[in-house]
Amino acid sequence: MGRTALIVIDMLNTYKHEDAEVLAPSVRKALPGVKALLKRARDADAPVVYVNDNFGRWRSHHGEILDAALSGPHADLVKPIAPDEESLIVVKARHSVFYETPLAYLLGQLGANRVVLCGQVTEQCVLYSALDAYIRHLDVVVAVDAIAHIDAGLAEAALRMMERNMSAELRSSGDVSFEHASEIRRSGMDDLHLRQRGE
């Protein structure tokens, strides 16, 4: 049976960009849903992958990205959902979590054929990521109470597109299941670590 991975999109945000102050209230509203998903995934020992912009700083790594977000004007939106030691982190430069990133390879190594998307922004990065997941034959779930938007009308349209055109399941965070992940995750991570060490 395939695995389910939680994909956390762009939640390590500095909120120093255009539209940040419009976005922040929606992120605050989505924060409980993101926290609930993280807890459910971690309790099930399912993979949690943060995929985040690098803010155009090509020398930055994930530690610097997190530090920058925690020093931003809305650190309160970052700290509650910060990665733990088991979280996996992928850095992206464009909207889709798959574009020119190793995410597809990583999901293959983990044996994941289903992804749960949460984060920001619904009408941009979440939408394009859902499309890229769909064309890679992954089952897509969008946690509707764990995504944030800039434009409410466009976000609603994006959700309809994801459901109709990408066969995405639209669910609340409380209805998302990460069952049967534990045993598969352990074996998959063991294999991945062995490959990384060249064994």
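Residues numbered from 1 in each chain as written. Predicted model: local features only at pLDDT ≥ 70, side-chain atom pairs only at ≥ 80, totals over all residues. Heavy atoms only, no water.

Before going further, it helps to examine the overall build of the protein chain. A count of helical and extended segments in the protein chain gives six helices and six strands. When the elements of the protein chain are put in sequence order from the N terminus, they spell out β-α-β-α-β-α-β-α-β-α-β-α. For the protein chain, the proportion of its 199 residues judged to be buried stands at 50%. Taking the intrachain contacts of the protein chain between residues at least 6 apart in sequence as the baseline, contacts between residues at least 24 apart amount to 83%. For the protein chain, the computed accessible surface area is about 10000 Å², with 50% contributed by carbon and sulfur atoms. (Helix = DSSP H or I, 4+ residues; strand = E, 2+ residues; numbered from the N terminus. Buried < 20%, exposed > 50% of the residue type's maximum accessible area, 1.4 Å probe, protein only. Contact = heavy atoms within 4.5 Å. Areas by Shrake-Rupley, 256 points an atom, 1.4 Å probe, with all protein chains shown as cover.)

On to the sheet that holds strand E6 (residues 169-171). Backbone hydrogen bonds hold the strands of a sheet together, and the pairing may be parallel or antiparallel. Pairing is parallel in the open sheet, where six strands are placed in the order E3-E2-E1-E4-E5-E6. Two strands close off the open sheet at either side, each with one partner strand: strand E3 (88-92) and E6. Strand-to-strand twist in this sheet, taken as the mean axis angle between neighbours without regard to direction, amounts to 25 degrees. Here strand E2 (residues 48-53) pairs with E3 via five bridges, running parallel. What sits directly across from Asn52, in E3, is Val91. Against the sheet, helix H1 (residues 20-43) engages strand E1 (3-9), E2, strand E4 (112-120) and strand E5 (139-148), with an angle of about 130 degrees to E5. The sheet contacts of helix H3 (residues 103-110) involve E1, E2, E3 and E4, and relative to E1 the element is tilted by about 150 degrees. (Pairing = 2+ DSSP bridges. Axes fitted to C-alpha atoms, helices over the stretch in contact; angles between N-to-C directions.)

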